[in-house]
Structure formats: C-alpha cells, structure tokens
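Residue-level structure breakdown
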Amino acid sequence: MTETNSKCKDSKSEWIGKIPITWSMATVRNGYEVTLGKMVQPEPKSSTDVLVPYLKAMNVQDGYIKIEKIEKMYASKNELEVYKISKGDLLVCEGGEVARSTIVEDEYDGYVFQNSIHRVKAKKDNNIEYLHYLLIALRNSGFINILVNKATIAHFTKDKFNSLIIPLPTSEEQKEIVLYVEAKEKEISRLIKQKHQLITLLEEKRQSIITEAVTKGLNPNVKMKHSGVEWIGEIPEDWQVKKVKHFSEFVGSGKTPSGGSEVYLEEGIPFLRSLNVHFDGIRLKNLAFISEETDAEMRSSRIQPLDNLLNITGASIGRSCIVPKDFGQGNVNQHVCIIRVDQNKINPYYFNSILNSKLAMEQVMTAQTGSSREGLNFQQVKNLMFPVAPLEEQEKLNQFIFDH
C-alpha cells in the first residue's frame, strides 16, 4: 500500500472490509467481459459446421491448462470466432471446482470452450492477472462456496460472476499488486523446492538406514551366511529368505466402484487411492468417500488395522504404508494392493519397513519392467523376496528404525 492510499474507507462488503481510499468497488462486468462457453454439440447443424477440439472445466486447473482427453464438438464458423481462445485470456470454471482459474499462456488455435467455462477479457486498463489472483483469494476465503451454495450442485453462473462485487484498485495499482504477488510466488516456489530437496535427501538417508537394518541387522559382528540369492548376498546366520506368499494371509486389491468416480461422496467410508498411500503413512488430502452400499459391494477389499498397502500401478508404484490401528473402516481401489500378514510369522511393522527398503523398490521396478502389463499383478507381489529376521529380533529392528 502506497503513501497515497494509506488511509482506508469502508468497502460496504462484509467479506472485504476496509479498502484504500483510492480504490473503488464495482461488479465484475464493470471491469471485465465475461463469456460463457458453447453447449456441447455432438452433431453438425449445417453442412458448414466443423469438428473442433474444446476445453472444459477439467482442463482448467489452478494456474495451468491440463491437456488430457481433449474431446471434440461441432461449431459454426461464427462460433469459432465467438468462442475462440486467445493467449492472455482468463479461463474460469463455471462448474466442477467452481471459480478455479488460469491465464492462457499458449496458443490454442482452432479450439473453443464448453459452457462449463467462462472466458474473461479485461475492459479498459484493468489487469486480467489481478482478477485471477482475486478469484484465488475468494475461493480460499470460502466466499465462493457460499455464493454458489456448494451444498448442492454448484454453478458459478454468468449472472453470478458478472454481478460479483469486487475491489478495483487503479490500473497502476493492479499492476503493482500483480508484480508483488508474482515475486512472492517465485520466492515461495524457491523455498518449497529447497525444502523438497532436503526432504528427498533425508528420505534417501532414512531408506539407506532401513535397508541396512532389514538386510544385515543391528550387530556388525554377527556371523553371516550366503542367502542363496545372488542379488541379496549375505545375511545374518539365523535369518531366512522368504517370499511374501510364505507369511501373508491375504494379497489383493479393490476395484473401480460401479459408476466410477461418480459414486464418490463428501463423507462416508474412506476410499483409499494410490495418491493417499505414502511412505510416511496414509495421507487424508484428496480423500474420497463411498457409501455403505458401495463398500458392501467391494467387501473383499476392505482394509483392516495393520494391513500393509502397496501401490501397484502408475508413477507411485512401490510406495507403501501401514494402516494404523485406529484408522477405522476403509476400502481401496484397484491401484492399491492389500498385504495382510500372518502376525505369528512376521511383525506387520517390520514388514512395512521391508517394503520401505531399497531392496523392495528394486524388486518392484524389476518386476514391472519384465511385465507385459503396466504395473504389478498379485502373483508378482506374492513372489517378492526378502531376508527375514527371527520374530524376537524384529521388535528390536522396529524400535531402531522408529528412532531413526
């Protein structure tokens, strides 16, 4: 805030509060031109209609356009002009994750946009990036959810968007705000990158400690023997090499529920996907839920306390964690394998440490590379092979790994 606008006035808007005296309050339509996209047209209406690619709400992500599964519809030559997408436009979701927005940074010649998206252009000297950042603030504040009544099927209609009252600084101040936010974004991104690098180094160090513990034990002077498996090498004399099938009671996964992601609920029984399974445990961000009826349909893939979960497809293949004792009800989809061990043969926490080791990841990658399908099947999981300490020693190894 500059010296000129250090004094404030009441915006007369509860969610905004006070604003600098040089700012004004206006509706979006006063500063910007909003165009709702074209309704999907699967068939031509005239001989001159052409088949063109189009963007919809799922393509508009926070700060970028996700070009996957691009579909096509018919449009007239006039509609190609009306609904064209230009570099510098702001695209805003009308449905789905309402008010999610991004600036178009590339050329999309020949594309149009569906009526689940608004295209926004700035009027006069207003700044399109300023509105983009303002919408992010509105979404984070929860105001948009109230405006569109997200308890029902939410739609950020053109009328609601145009009528939205927003603070409008002078054009010069809008530019200053955008530059300030962009500079802070870069600074935060740099700090996040540094943090991720540090986390990666710490994870690598921890994985090395785990690998050493679950393959060699804690006593450096213990008598060793050859494991009988060339790539495992030597192991402590009283250890054995076993496959998962030798100490597991159940190995299996879930499936896509009838109706696909359409059956996901805001609350209900947790439905774990690969994005929820991490080496540091089950992450509840982006957790999906299913009904008791859907859970009953998928009862064979219900999780139990101390089950080990292993991602068996996709970029996160090999990532694993253990189900906490107090997690409660839950289910998994087809990308997550449940390994339920016989606790009279192996400690589930100890087995979780084995799955966290380099030895496990190397086998997963080798099995996947040699497979004709993308990912692991249950037989491959059952044949994963590890050196296993006696039960009484496993508890000591658990404590050592926990302390590190």
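Okay, so let's go over this structure. Model, not experiment: these values are computed from the prediction. (Residues numbered from 1 in each chain as written. Predicted model: local features only at pLDDT ≥ 70, side-chain atom pairs only at ≥ 80, totals over all residues. Heavy atoms only, no water.)

Moving on: the overall build of the chain. From N to C terminus, the chain includes 12 helices and 26 strands. The C-alpha radius of gyration of the chain comes to 28 Å, more than 25% above the 22 Å expected for a compact globule of 404 residues. Along the first, second and third principal axes, the C-alpha set of the chain runs to 80 × 60 × 40 Å. Within the chain, the fraction of its 404 residues that count as buried is 46%. The contacts in the chain between residues at least 6 apart in sequence include a share of 71% that link residues at least 24 apart. Split by element, the accessible area of the chain, about 22300 Å² in all, is 51% carbon and sulfur. If the 51 positive side-chain charges of the chain are averaged to one point and the 52 negative ones to another, these points end up 1 Å apart. (Helix = DSSP H or I, 4+ residues; strand = E, 2+ residues; numbered from the N terminus. Rg over C-alpha atoms; globule rule 2.2 N^0.38 Å. Buried < 20%, exposed > 50% of the residue type's maximum accessible area, 1.4 Å probe, protein only. Contact = heavy atoms within 4.5 Å. Areas by Shrake-Rupley, 256 points an atom, 1.4 Å probe, with all protein chains shown as cover. Lys, Arg positive; Asp, Glu negative; His and termini not counted. Charge placed at Lys NZ, Arg CZ, Asp CG, Glu CD.)

So, on to the packing of aromatic side chains. Taken as a whole and judged by the stated rule, the model has seven aromatic pairs. Between Y108 and Y111 the ring centres are 5.3 Å apart and the planes differ by 85°, which places this aromatic pair in the edge-to-face class. Residue Y108 is classed as buried on the basis of its relative accessible area of 10%. On the basis of relative accessibility, which here comes to 17%, the residue Y111 falls in the buried class. In textbook terms, an aromatic cluster arises when at least three aromatic residues are bridged by ring pairs, as seen for F247, F351 and F386. (Phe/Tyr/Trp six-rings, centres within 6.5 Å; stacked < 30°, edge-to-face > 60°.)

Our focus in this paragraph is unusual backbone geometry. Unlike most non-glycine residues, K12 shows phi in positive territory, near 65°. Note that K12 resides in the loop between strand 1 (8–10) and strand 2 (18–20).

Judged by nonpolar contacts, the single largest core of 34 residues is most densely connected at V244, I339, I346, Y350, F351, V381 and F386. Listing elements by their share of this core, those giving two or more residues are helix 6 (171–216), helix 7 (244–247), strand 25 (336–341), helix 9 (348–355), helix 10 (358–369), strand 26 (385–388) and helix 12 (391–403). Excluding residues that lie within four positions of it along the chain, V244 makes contacts with V251, I339, F351, V381, K382, L384 and F386. (Core = buried A, V, L, I, M, F, W, Y, C linked by side-chain atoms within 4.5 Å.)

Turning our eyes to something else, we now look at the environment of Q368. Here Q368 lies in helix 10. Q368 gets classed as partly exposed once you look at its relative accessible area, which sits at 22%. When the C-alpha positions of Q368 and D10 are compared, they lie 62 Å apart, and in sequence the two are 358 residues distant.

This next bit is on the packing of helix 6 against helix 12. Following both chains from N to C, one finds helix 6 and helix 12 inclined at 165°, their axes separated by 10 Å at the closest point. Judged by the angle between their axes, helix 6 and helix 12 are roughly antiparallel. Helix 12 is crossed by helix 6, and the crossing has right-handed handedness. Here R206, I209, I210, A213 and V214 of helix 6 come into contact with helix 12, specifically with L397, F400 and I401. Residue composition of the contact of helix 6 with helix 12, by class: seven nonpolar, no polar and one charged. (Axes fitted to C-alpha atoms, helices over the stretch in contact; angles between N-to-C directions. Parallel < 35°, antiparallel > 145°, perpendicular 65-115°, else oblique. Left-handed = near helix turned anticlockwise from the far one by under 90°. Nonpolar A, V, L, I, M, F, W, Y, C, P; charged D, E, K, R; others polar.)

A word on a positive patch on the surface. Taken together, R29, K123, K124 and K158 make up a surface patch of like positive charges. Here K123 shows up in the loop between strand 12 (117–122) and helix 3 (128–141). Since its relative accessible area comes to 33%, K123 is described here as partly exposed. (Patch = residues over 30% accessible without salt bridge, like charges linked within 9 Å, V, L, I, M, F, W, Y side chains within 5 Å. Salt bridge = Lys/Arg side-chain N within 4 Å of Asp/Glu carboxyl O.)

Right, let's get into the sheet that holds strand 9 (residues 90–93). Pairing is antiparallel in the open sheet, where four strands are placed in the order 4-12-9-10. Taken across any chain shown, the strands that pair with only one partner, and hence form the sheet edges, are strand 4 (32–36) and strand 10 (101–103). Recorded for the sheet is a direction-independent mean angle of 25° between the axes of neighbouring strands. Pairing geometry for strand 9 and strand 10, over three bridges, is antiparallel. Across the sheet, the residue bridging to V92 is S101, located in strand 10. Running at roughly 155° to strand 10, helix 3 makes contact with strand 4, strand 9, strand 10 and strand 12 of the sheet. (Pairing = 2+ DSSP bridges.)

Turning next to the side chain of T313. Note that T313 resides in the loop between strand 22 (308–311) and strand 23 (320–322). Among the polar contacts made by the side chain of T313, one reaches the side chain of H335 at a distance of 2.7 Å. (Polar contact = N/O pair within 3.5 Å; in protein donor to acceptor, adjacent residues only side chain to side chain.)

Below, the discussion takes up the environment of S13. Note on placement: S13 falls in the loop between strand 1 and strand 2. Judged by its relative accessible area of 13%, S13 falls in the buried class. Residues S13 and I290, spaced 277 residues apart in sequence, show a C-alpha to C-alpha distance of 39 Å.

The subject of this paragraph is the sheet that holds strand 25. The strand order across the open sheet formed by four strands is 17-25-22-23, and the pairing between neighbours is antiparallel. The two strands at the open ends of the sheet, each matched to only one other strand, are strand 17 (248–253) and strand 23. For this sheet, the mean inter-axis angle between neighbouring strands, taken without regard to orientation, is 20°. Both strand 22 and strand 25 contribute to a ladder of four bridges, which runs antiparallel. By the bridge assignment for strand 25, N311 is matched with V336. Packing of helix 9 onto the sheet brings it into contact with strand 22, strand 23 and strand 25, and relative to strand 23 it is tilted by some 165°.

That is the geometry; function is a separate question.
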